[in-house]
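Survey of secondary and tertiary structure
Next come the chains, spelled out residue by residue.
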Amino acid sequence: MARVLVGVKRVIDYAVKVRVKPEKNGVVTQGVKHSMNPFDEIAVEEAVKLKEKKLAGEIVAVSVGPTQSQEVIRTALAMGADRGIHVEVPAAEYELLQPVHVSKILAKLALDEKADLVILGKQAIDDDANQTAQMTAAVLDWPQATFCNKVEKTDAGLTIVREIDGGLETIKTKTPAVLSADLRLNTPRYATLPNIMKAKKKPLKKVTPKDLGVDTTPRIEVISVEDPPVRQAGAVVADVDALVAKLKEGGHI
Ligand code: AMP
């Protein structure tokens with residue numbers, strides 16, 4: 001039965017207001033709440049659903065990042081993944097790690113683990129790259145079905161409904177394949193306390209990119225990170241004449 005590899009990234013929690021470091025070379029991550037990337041929760045849920053329907057045999061959750069990345073692997077294990085692989089990249093190096101590196105790591109693991117399916121989130125909410133699934137498929141030379149809204153097993157492979165601009169597209173693909181989960185694919189379950197306890201005993205292997213033969217030399221240099229421009233406060237005008245006068249004054253009409 002199929003083995004599913006799921007990518008789970010540890011990101012700053014979606015509810016946190018992100019702050020730029022005074023040095024303007026990145027954002028403040030120390031002492032900030034982190035969680036599993038929301039789209040990865042959807043990816044894990046889909047893998048668990050496939051397992052519950054007996055369409056998947058084993059789910060392997062992979063996270064690339066510093067030691068704390070193990071927290072999101074444990075969450076995936078508590079949601080129903082069977083084992084975890086932590087690809088350790090020290091925090092300083094991790095800041096410059098790009099989707100191309102992560103894709104090579106995931107592709108190598110997919111082959112080593114003889115995975116039939118790789119399910120990733122459509123996008124990580126920290127860098128908003130939306131590249132890893134596409135590049136992982138390219139490195140593996142496997143078909144890709146991105147922005148999945150529905151995944152169904154058929155005799156020939158998978159039938160997938162994708163979210164596209166202005167509608168939905170249905171495609172068929174053979175496996176092995178790489179999928180990326182969009183928002184409406186499912187509603188991820190909460191990890192229950194008993195399952196969180198059980199997850200602590202599930203196997204978690206640690207490797208490095210070097211062990212996998214992946215070169216993580218940065219390909220980019222961050223020049224500067226800035227806060228978005230602050231929105232100017234609005235003004236209340238007394239009547240239409242005042243509004244027109246203001247618009248003229250600002251050179252808008
Ligand atoms: P991105 O291309 O960075 O927007 O990320 C898309 C998806 O790739 C994420 O939702 C994850 O499933 C996966 N991914 C990206 N970075 C990592 C990482 N460091 N560890 C595990 N999975 C990752």
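As the structure is a computational prediction, the values presented were derived from the model and not from experiment. (Residues numbered from 1 in each chain as written. Predicted model: local features only at pLDDT ≥ 70, side-chain atom pairs only at ≥ 80, totals over all residues. Heavy atoms only, no water.)

A few points about the site of the ligand
- Taken together, 18 residues form the shell around the ligand, and within it Asp40, Ala124, Asn130, Gln131 and Thr132 come nearest.
- Residue Asn37 places a side-chain N or O atom 3.0 Å away from an oxygen atom belonging to the ligand.
- Contact with the protein chains removes 98% of the 480 Å² of surface that the ligand exposes when unbound.
- For the shell around the ligand, the elements supplying multiple residues, two or more each, are β4 (56-65) and β6 (117-121).
- In terms of residue count, β4 provides more of the shell around the ligand than any other element does, 3 residues in total.
- Of the residues in the shell around the ligand, the class split is 8 nonpolar, 8 polar and 2 charged. (Near = heavy atom within 4 Å. Polar contact = N/O pair within 3.5 Å; in protein donor to acceptor, adjacent residues only side chain to side chain. Areas by Shrake-Rupley, 256 points an atom, 1.4 Å probe, with all protein chains shown as cover. Helix = DSSP H or I, 4+ residues; strand = E, 2+ residues; numbered from the N terminus. Nonpolar A, V, L, I, M, F, W, Y, C, P; charged D, E, K, R; others polar.)

Considering the UniProt feature "domain: Electron transfer flavoprotein alpha/beta-subunit N-terminal" (unreviewed entry) in the protein
- Here the UniProt-annotated "domain: Electron transfer flavoprotein alpha/beta-subunit N-terminal" (unreviewed entry) positions come out as residues 24-216.
- Between the end C-alpha atoms of residues 24-216 the distance is 23 Å, and the span holds 31% helix and 31% strand. (UniProt positions renumbered as here; feature names shortened; annotations may be inferred.)

Looking at the pattern of salt bridges
- Applying the stated criterion to the full structure yields 19 salt bridges.
- When the shortest N-O distance is used, the salt bridge between Lys9 and Asp126 registers 3.0 Å. On the criterion of sequence distance, the pair formed by Lys9 in the loop between β1 (2-7) and β2 (10-12) and Asp126 in the loop between β6 and α5 (132-140) is long-range, its members being 117 residues apart.
- With a closest N to O distance of 2.7 Å, Glu52 and Arg189 form a salt bridge. One end of the pair, Glu52, is in helix α1 (residues 38-52); the other, Arg189, is in the loop between β10 (177-181) and α6 (193-199), and 137 residues separate them in sequence.
- When its relative accessible area of 49% is taken as the criterion, Glu52 is described as partly exposed.
- Via salt bridges that share partners, Arg3, Glu58, Arg83, Glu113 and Lys205 belong to a single interconnected network. (Salt bridge = Lys/Arg side-chain N within 4 Å of Asp/Glu carboxyl O. Buried < 20%, exposed > 50% of the residue type's maximum accessible area, 1.4 Å probe, protein only.)

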